[in-house]
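Listed below, chain by chain, are the residues.
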Amino acid sequence: MINNLVIVESPAKAKTIEKILGKDFQVRSSMGHIRDLLKNEISIDIKNRFKPQYIVPPDKKKVVSELKEVVRKAKTVWLASDEDREGEAIAWHLSEVLNLDPEKTKRIVFHEITKEAIDDAIKNPRSINQDLVNAQQARRVLDRIVGYELSPVLWKKIKPSLSAGRVQSVAVRLIVEREREIINFKSTSSFKVNALFYVNDKSGKSYQLKAELNNKFPDRKKALEFLSHCKTADFSIENILKKPARKSPSPPFTTSTLQQEASRKLNFSVAQTMTVAQRLYEAGKITYMRTDSVNLATTALDAASNVIEKTFGEQYSNRKNYKTKSKGAQEAHEAIRPTHLDKETITGNATEKKLYELIWKRTIASQMSDAQLERTTVTIAISNATEKFIAEGEVLKFDGFLKVYFESSDEEPEEDVSGLLPPIEKGMPLACLNIVATERFTHNPPRYTEASLVKKLEELGIGRPSTYAPTISTIQQRGYVMKEDRPGRERKYTQIILENKTIKEDTKTEITGAEKSKLFPDNIGMIVNDFLVEYFNNILDYNFTASVEKEFDEIATGNLNWFEMIGKFYKPFHEKVNKTLAKSAVNKGERKLGTDPETGKPVLVRMGRFGAVVQIGELSDSEKPRYASLRKGQNLESITLEEALELFRLPRTIGKFEDKDIIVSIGRFGPYILHNSTFYSLNKNTDDPYSVTAGRAIEIIQEKRLRDEKKVLRTFQEDAELSILNGRWGPYIKYKKENYKIPKTSDPSTITYEECLALIKDAPSRKKKKK
């Protein structure tokens, strides 16, 4: 007989809890099976109120039987799944599948896996909260309805194997709309003016003073006029303004802010952050990692104060109780923090250590004093102009929380001209070393990173902590969105310099538009988005998606009936789906670019079977149309006729090597070189088939030949088809286009022909792959 049986989701969580509870409790994990067992089919039937129908796969029936047997032997069953809605739903599903007796079943929740938290949970058990279960069921059913009904529409109207989702499609819409803002953005230039002065103190020591003009000039002419005035101008300190300033620490981490900071500071993807955080939580090192709350428990506040006072001194401690601003904050009632704040570091792998350190610093900093600064603004007068130069300086009087942590930002940093200012007084004259007017350009709206997309979704009230990571992963896996680095392009700008009363102009070059780990919509993502916005605008409406989240919150508090909410949505939505199937046209994103000057045939772009293509000619023509795939970074909406025709330059002959032509083209498996009837692959990331030179091509051919030479270790005169090759995993036998392993006990350099044949004969038979 088992006195106490605790069921949790994962083996790691079970192992940690078992160490804490000891022998009186048996802890079982079934997460790997719960996910499979409880993927129940839900009938879209309002009358039956979407009653779950459990379908247990044959290979999982044994697992269910074993769980039922263990439950039968237990006096008390403790359901200890996570404390959010998904965890509550898992507990309810378990009770249904395992037919748990309510009299001997108890539900416990804790936001950290520590002895104190678990003991407290066991002392205060509760029953399963059906309202939370209903809120999770409502989310699940609504997402299935939208996905199951919209996806077949996309198959018929755009392309097979596409899919749509309630939250994912809205995330794609955000990225598509931002990309169009960037495409349509027209950059304008202006001239920013900076000056470098020097000033002498009373002892005669010279100091430099940097300042920026309080006005920008719209064009070169105005900038030149200003610099011409400055040739004869006198400069002096007109005013000095000193103001105290404070910087306050950020609150402890919520799920979204942790994802954002881990992306900025550690370059973690959203999915990686949640995976590592899950491991830290299950190991008992941090509190629950899916939360909207910024609140800290009293014990955590006490522990933070002790650490701060002991490490930095009493003046650095400033106890704060943060309040959660989000009305729909879920049931995890505490921010993400270390379970033991006295531990600044932990054991574990490198990613776990980095993320834990980030969480520890943010938590400790949130309970520290404000940083105190003194900001000085100096106004410099120009004797023959109304404009003023402004110099700014900042002195850190008390570092406070900055001793531990400073929050990063997604904003592009501006040129910083602030710093320590030299000793100056009002009315003091200044000598001008130089004045520089530099042409600057307005920036297009920034593309989303994973972190900034999470921030935007949270601002709009779309999704919840548990949905951010899967949403962003899903839209990338489906091919609607790509996370990429892209090189910038060269841009020329003008710089006008006044020095020693002489003006000179210079044209310089800079790199602009470079992107790192940014989210770009794929062509198919843009087409799907446009189709859904046209025919299902209410589903992709930001307010609708946010209002649905509020309705889930209402269900969770027992103020809304979940199947009535689903029923109200389903009927008009289903009618809209049928109407769209009947009346909408097939959408391939087709766009006519113009006419091919050589053939006179129309040139158009559209989605093909394997991606976006340029087509010359019509399908109705007697001659078959010609096709070329779009290059990386090109899209259907912005490609020009000239760029499209450029794609038909392949195949192209770029030179000769060993009296044979070198031909470059793109095939089914990517760009390649053809030389003397042999194919050589081009690196997709570094070698552009449209610009690769003959010299680089010869280099690739010779590198491949050298690799091939090293690959053949031995051949046999008895049979030319038998050889020993050096592969990625070590030496192996190749015979008649089949590969065979060489045992570790055999030496490839001395193995005989007869031994090779014996190894081939004794090798296990290979099953032919089904087509």
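The rules we used
- Residues numbered from 1 in each chain as written.
- Predicted model: local features only at pLDDT ≥ 70, side-chain atom pairs only at ≥ 80, totals over all residues.
- Heavy atoms only, no water.
- Helix = DSSP H or I, 4+ residues; strand = E, 2+ residues; numbered from the N terminus.
- Buried < 20%, exposed > 50% of the residue type's maximum accessible area, 1.4 Å probe, protein only.
- Contact = heavy atoms within 4.5 Å.
- Areas by Shrake-Rupley, 256 points an atom, 1.4 Å probe, with all protein chains shown as cover.
- Lys, Arg positive; Asp, Glu negative; His and termini not counted.
- Charge placed at Lys NZ, Arg CZ, Asp CG, Glu CD.
- Core = buried A, V, L, I, M, F, W, Y, C linked by side-chain atoms within 4.5 Å.
- Axes fitted to C-alpha atoms, helices over the stretch in contact; angles between N-to-C directions.
- Parallel < 35°, antiparallel > 145°, perpendicular 65-115°, else oblique.
- Left-handed = near helix turned anticlockwise from the far one by under 90°.
- Pairing = 2+ DSSP bridges.
- Phe/Tyr/Trp six-rings, centres within 6.5 Å; stacked < 30°, edge-to-face > 60°.
- Lys NZ or Arg CZ within 6 Å of the ring centre and 35° of its normal.
- Salt bridge = Lys/Arg side-chain N within 4 Å of Asp/Glu carboxyl O.
- Expected span 1.5 Å × (residues − 1).

This part takes up the overall build of the protein. The number of helices and strands found in the protein is 21 helices and 28 strands. In terms of overall dimensions, the protein has a C-alpha envelope of 95 × 80 × 70 Å along the principal axes. Split into buried and exposed, the 771 residues of the protein put 48% on the buried side. Once local pairs closer than 6 in sequence are excluded, the contacts in the protein between residues at least 24 apart make up 70%. Total accessible area computed for the protein in this model is approximately 41700 Å², and 49% of it derives from carbon and sulfur atoms. Distance from the positive charge centre (128 side chains) to the negative charge centre (108 side chains) of the protein: 3 Å.

Phe-110, Leu-154, Ile-286, Leu-355, Leu-453, Leu-532 and Val-614 are the most contacted members of the largest nonpolar core, which has 126 residues in total. The dominant element in this core, judged by the number of residues it contributes, is helix α6 (residues 130-157), at 10 residues. Setting aside residues no more than four positions away along its own chain, Phe-110 makes contact with Lys-13, Ile-17, Ala-80, Glu-83, Ala-117, Ile-118, Ala-121 and Tyr-281. In terms of nonpolar packing, the next biggest core, distinct from the first, is built from 30 residues, Phe-217, Ala-223, Ile-424 and Ala-437 among them.

Here the focus is the packing of helix α9 (residues 255-266) against helix α13 (residues 450-460). Two packed helices can be described by the angle between their axes and the distance between those axes. Packing of α9 against α13 brings their axes to within 8 Å, and their N-to-C directions diverge by 160 degrees. Classified by the interaxial angle, the pair formed by α9 and α13 is roughly antiparallel. When the axes of α9 and α13 are compared, the crossing they make is left-handed. Facing α9, whose interface residues are Ser-256, Gln-259, Gln-260 and Ser-263, α13 presents Ala-451, Val-454, Lys-455 and Glu-458.

Now for the side chain of Ser-250. Take Ser-250: it is sitting in the loop between β9 (235-247) and α9. Judged by relative accessible area, Ser-250 falls into the buried class, the value being 16%. Here Ser-250 is in contact with Tyr-322, Arg-362, Ser-366 and Glu-407, once residues within four sequence places are set aside.

In sheet architecture, strand pairing relies on hydrogen bonds along the backbone and comes in two forms, parallel and antiparallel. Taken in spatial order, the 4 strands line up as β21-β22-β23-β24 in an open sheet, and their pairing is antiparallel. A single partner strand is all that each edge strand has here, and the edge strands are β21 (652-657) and β24 (678-681). Here the average twist between neighbouring strands, direction ignored, is 30 degrees. Contacts between helix α20 (residues 694-711) and the sheet are confined to β21, β22 (660-667), β23 (670-675) and β24, with β21 contributing the most and set at about 65 degrees to the helix.

On to the side chain of Ser-95, then. With respect to the secondary-structure elements, Ser-95 resides in helix α4 (residues 85-97). Of the residues examined, Ser-95 reaches a relative accessible area of 14% and is grouped as buried. The residues touching Ser-95, leaving out its near neighbours within four places in the chain, are Leu-79, Leu-100 and Ile-128.

With that settled, the discussion passes to the packing of aromatic side chains. Within the structure shown, the criterion is met by 16 aromatic pairs. Taking the centre distance of 5.6 Å and the plane angle of 75 degrees together, the rings of Phe-197 and Phe-389 count as edge-to-face. One end of the pair, Phe-197, is in strand β7 (residues 189-200); the other, Phe-389, is in strand β11 (residues 388-398), with 192 residues separating them in the sequence. Pairing Phe-536 with Phe-573 gives two aromatic rings, centres 6.1 Å apart and planes at 55 degrees, and the pair type is tilted. Here the residue Phe-536 occupies a position in the loop between α15 (523-535) and α16 (537-540), and Phe-573 occupies one in helix α18 (residues 562-583), the gap between them amounting to 37 residues. Residues Phe-536 and Phe-573 agree in their burial class; the two are buried. Following the ring pairs from residue to residue traces out a cluster consisting of Phe-197, Phe-217, Phe-226, Phe-235 and Phe-389. Seen from the ring of Tyr-542, Arg-173 lies directly overhead, with NZ or CZ sitting 5.1 Å from the centre. Above the ring of Phe-520, the side-chain terminus of Arg-486 is found at 3.7 Å from the ring centroid.

Right, let's talk about the sheet that holds strand β1 (residues 2-8) for a bit. Strand order in the open sheet formed by 4 strands is β2-β1-β5-β6, with parallel pairing between adjacent strands. Each having just a single partner strand, β2 (25-29) and β6 (105-107) make up the two edges of the open sheet. Averaged over all neighbouring strand pairs, the angle between strand axes comes to 25 degrees, with direction disregarded. Judged from the 3 bridges that link them, strand β5 (residues 74-79) and β6 form a sheet pairing that is parallel. If you follow Trp-78 over to β6, its bridge partner there is Lys-106. Relative to β2, helix α1 (residues 11-21) is tilted by about 175 degrees, and along the sheet it contacts β1 and β2. Each of β1, β2 and β5 touches helix α3 (residues 61-73); the most contacted strand, β5, lies at about 120 degrees to it.

Another point: the environment of Lys-710. In this fold, Lys-710 is placed in helix α20. For Lys-710, a relative accessible area of 58% corresponds to the exposed category. Note: C-alpha distance between Lys-710 and Leu-725 (15 residues apart in sequence) is 8.6 Å.

Before going further, it helps to spend a moment on the pattern of salt bridges. In total, this model carries 45 salt bridges according to the counting rule given. Close ionic contact of Arg-491 with Glu-510 constitutes a salt bridge, the shortest N to O distance being 2.9 Å. Of this pair, Arg-491 sits in strand β14 (residues 489-499) while Glu-510 sits in strand β15 (residues 502-512), and the two are 19 residues apart along the sequence. For the residue pair Arg-491 and Glu-510, the accessibility class agrees, reading buried in each case. Across the salt bridge formed by Asp-661 and Lys-656, the nearest N and O atoms sit 2.8 Å from each other. By relative accessible area, which is 37% here, Asp-661 ends up partly exposed. Assessed through its relative accessible area of 57%, Lys-656 is described here as exposed. What you see here is one network of salt bridges that share partners, running through Glu-9, Lys-13, Asp-82, Asp-84 and Arg-290.

Turning our eyes to something else, we now look at α4. With 13 residues, α4 should reach 18 Å at 1.5 Å per residue; the first-to-last C-alpha distance of 18 Å fits that figure. Counting buried residues along α4, 11 of its 13 residues qualify, which places the element largely inside the surrounding structure. Residues of α4 that are buried: Arg-85, Gly-87, Glu-88, Ala-89, Ile-90, Ala-91, Trp-92, His-93, Leu-94, Ser-95 and Val-97.

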